[in-house]
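# Chains, contacts and geometry: an overview
Below are the chains, spelled out letter by letter.
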Amino acid sequence: MFSAVLRRELVTPLRRRRMIVFQIAIATLFALLIAARWPTDGQVALLGARSQQIFRLFGYGLMATLLLLLPVFPAASIVSEKISGTLGLLFNTPLGPIRIFVAKLLASLSLAGMILAMSLPAAGACYSMGGLSLYEEIGKVYLLLLLVALQYTAIGLLVSSYAQSVDSAIRITYGIVLVTCVLTLGPHYFFQGTEGSLASFGEMLRSMSPLAALTSLTGAADIGGKGLMTKTNVMGQFTVWSLLCTAVTSAWTISRLNHKIFDKSRASGTMSDDLSKSGQLVRRIFFLVDPQKRSRPIPLFLNPVMVKEFRCRKFGRLNWLLRLVAVCAMLSLGLTYATTAGTTDWGVETIGGIMVVMQVALIVLIAPSLSAGLLSTEREFGSWQLLQTTPLSMTRIIWGKLLSAILPLMLLLCATMPGYMVIAYIEPGMSLQVQRVIVCLVLTAFFAMSCSAAVGCFFRRSAVAIASAYGVLLSICCLPLLVWMGKDAPFGHRVVETALSFSSIAAAFSAIRMPGFDNYDLIPANWWFMGIGSLISLIVLPAWAYHISKPQ
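About the thresholds
Residues numbered from 1 in each chain as written. Predicted model: local features only at pLDDT ≥ 70, side-chain atom pairs only at ≥ 80, totals over all residues. Heavy atoms only, no water. Helix = DSSP H or I, 4+ residues; strand = E, 2+ residues; numbered from the N terminus. Buried < 20%, exposed > 50% of the residue type's maximum accessible area, 1.4 Å probe, protein only. Contact = heavy atoms within 4.5 Å. Areas by Shrake-Rupley, 256 points an atom, 1.4 Å probe, with all protein chains shown as cover. Core = buried A, V, L, I, M, F, W, Y, C linked by side-chain atoms within 4.5 Å. Salt bridge = Lys/Arg side-chain N within 4 Å of Asp/Glu carboxyl O. Axes fitted to C-alpha atoms, helices over the stretch in contact; angles between N-to-C directions. Left-handed = near helix turned anticlockwise from the far one by under 90°. Parallel < 35°, antiparallel > 145°, perpendicular 65-115°, else oblique. Nonpolar A, V, L, I, M, F, W, Y, C, P; charged D, E, K, R; others polar. Phe/Tyr/Trp six-rings, centres within 6.5 Å; stacked < 30°, edge-to-face > 60°. Patch = residues over 30% accessible without salt bridge, like charges linked within 9 Å, V, L, I, M, F, W, Y side chains within 5 Å. pLDDT = per-residue confidence, 0-100.

Moving on, we come to the overall build of the protein chain. Helix and strand counts for the protein chain come out as 26 helices and zero strands. Classification of the 552 residues of the protein chain by burial places 48% in the buried group. Counting only contacts in the protein chain whose residues sit at least 6 apart along the sequence, the fraction spanning at least 24 positions is 78%. For the protein chain, the accessible area works out to roughly 26800 Å², and carbon and sulfur atoms hold 68% of it.

Ranked by size, the top nonpolar core spans 124 residues in total, and within it Leu144 and Ile170 carry the most contacts. The greatest single-element share of this core, amounting to 12 residues, is contributed by helix H23 (residues 462–485). Excluding its chain neighbours within four sequence positions, the residues that come into contact with Ile170 are Val72, Ala75, Ala463, Ala467 and Tyr470. Among the nonpolar cores identified, the runner-up in size contains 11 residues, and Leu90, Leu95, Phe101 and Ile261 belong to it.

What follows covers the pattern of salt bridges. This model, assessed by the stated rule, comprises five salt bridges. Between Lys104 and Glu81 there is a salt bridge, with the nearest N and O atoms lying 2.6 Å from each other. Taken together, the residues span a long stretch of sequence, with Lys104 in helix H6 (residues 97–118) and Glu81 in helix H4 (residues 72–84) at a distance of 23 residues. Across the pair, exposure class does not vary: Lys104 and Glu81 are buried alike. Through salt bridges with shared partners, a single ionic network connects Lys308, Glu309, Glu378 and Lys401.

Right, let's get into unusual backbone geometry. Here Ile523 and Pro524 are connected by a cis peptide whose omega angle stands at 15°. Following the sequence through the fold, Pro524 ends up in the loop between helix H25 (504–512) and helix H26 (525–548).

On to the environment of Leu392, then. Mapped onto the secondary structure, Leu392 falls in the loop between helix H19 (384–389) and helix H20 (394–413). Note: C-alpha distance between Leu392 and Val305 (87 residues apart in sequence) is 9.0 Å. Those residues in contact with Leu392 that lie beyond four places of it in its chain are Pro304, Val305 and Ile397.

We now examine the packing of H4 against H6. Angle between the axes and distance between the axes are the two parameters that describe a pair of packed helices. Here H4 crosses H6 at 145°, and the two axes come no closer than 10 Å. Judged by the sense of rotation from one axis to the other, the crossing of H4 with H6 is right-handed. Across the interface between the two elements, Phe73, Pro74, Ser77, Ile78 and Glu81 of H4 pack against Lys104, Ser108 and Leu111 of H6.

Bringing the side chain of Ser537 into the picture now. In this fold, Ser537 is placed in helix H26. Ignoring any residue separated from it by four or fewer positions in sequence, one finds Ser537 in contact with Ser450, Cys451 and Ala454.

Take the packing of H6 against helix H13 (residues 234–256) next. In the contact formed by H6 and H13, the axes pass within 9 Å of each other and the chain directions differ by 125°. Compared by their axis directions, H6 and H13 come out oblique. Handedness of the crossing formed by H6 with H13: right-handed. Facing Pro97, Ile98 and Phe101 of H6, the residues of H13 in contact are Ser250, Thr253 and Ile254. In the contact of H6 with H13, the residues fall into four nonpolar, two polar and no charged.

Aromatic ring pairs are reported here in terms of the distance separating the ring centres and the angle at which the planes meet. Throughout the structure, instances matching the rule amount to six aromatic pairs. Taken together, a centroid distance of 5.8 Å and an interplanar angle of 45° make the contact between Phe447 and Phe529 tilted. Placement of Phe447 in helix H22 (residues 431–456) and of Phe529 in helix H26 is noted, with a sequence separation of 82 residues between them. Accessibility expressed as a relative area gives 24% for Phe529, which makes it partly exposed.

Another point: a nonpolar patch on the surface. On the surface, Tyr162, Leu244, Val248 and Trp252 cluster together into a nonpolar patch covering about 410 Å² of accessible area. The dominant element in the nonpolar patch, judged by the number of residues it contributes, is H13, at three residues. Position of Trp252 relative to the elements: it lies in helix H13. Given the relative accessible area of 43%, Trp252 is considered partly exposed.

Moving on, we come to the confidence of the model for the protein chain. Looking at the protein chain, the pLDDT average stands at 77 and 80% of residues meet or exceed 70. Mean pLDDT values for the elements of the protein chain range from 66 in helix H10 (residues 186–191) up to 90 in H13. In the predicted structure, residues 223–229 sits below a pLDDT of 50 and forms 13 contacts with residues beyond four places in sequence or in another chain.

Now the structure itself:
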């Protein structure tokens, strides 16, 4: 019976046609990457500089592919069975929680192993070019990738056991990947080269990032190294952290695999309208948007579809978005204050780059969750036909759904605006750069919203729509940065500049003159790409909505 569960978990995704296309695309992509730098004169460099350069880029590309695609499968594994009602039947079998967990873990790891297997021919080609050690470099990189797959599979299964919907599980898992891979590098970037508890804390957090471990293995310059050398065994510390995290999350998930997982008891709470006048006044002072206040009737001037989206969805509620905006605003002001106070020597460009990363990460993380399921959620739960029976026109329905995604994103754009205003005030010469950065962020938010909505409208299930939207957005924003990492080896300046023109985060870095991006002229090429892409997406969405609204 254990093999039956494993077979079902593994065979179901492999039967899909898009999985076959994906496997062929992965093998072709890495093969083309190696062919771009294969020696044409029949000679191989004795020192292996070319093979090391291409293997470094190959390793980062393989890591990005793994982090981009793997979290979807474990994050949807348990919660999808909970929604479909098969998880309770699985608990009634003699398998037990340990074997159920191991079957799901092995199924996701098998998919990760399939991705790694598609890259073996390209890794073999790198090795044949000379200059690479089979164990010290290639073997350790693949060992790191296996640890990453094991860690994030266990984390995804834990998140899936707590989530109530597939889209929330995918969103939370991607958020954890973003925090542990990228944001953990921030403290080390600021406090390296100093002494004290903050520097030690930054060094410890850096060891939690697989990107830092991959950098130490490939011999590249340390991420955010500023030319400083470090003797820390990042790979060894990451191995300990990864195995410890896997053990803790696995035991935690196994303890939840019983019938208690279906219990959703919660306090009923008290509505603000039922409190005394003094209690209502106190909540009015402390809450700009009170989540416990009864909603009023929908005014005639508001779009009812937009109001329905705000009141029905669990993610993107206004009270939580306002708190998120407030936290980001205080963080951006704190960073700019630290620079102006002279306590740190980070530079205005560095602070602007940090705020760009923070805001683009928020947009890419939140936009697909808000807009990718605008049509697929209605079709999945059968409410699309109910919307068609209302006297609302199709144009008003689509506009109301788009407004429900546009307004929260506008709030997110306000998150770091105070920081940019302070930068423009303390450095008047950067006013034009700040304006360009703001334009880049506005176009990024609009493109992320429209592209996610256009991608998600082609699917009937919201989970698949959200996962596909995440894949498209992350590919557009992050994959050009891999080309940038291969600048001068193997890609020239023109190729790197062309690739970066598609990335909104690279365009914002170029506008703020972030070190490493100040030599590339990405504006207005990126603005044209974002504008045309948004326009095409806004044409595709209503066209497909009119198509599915016809009698079936």
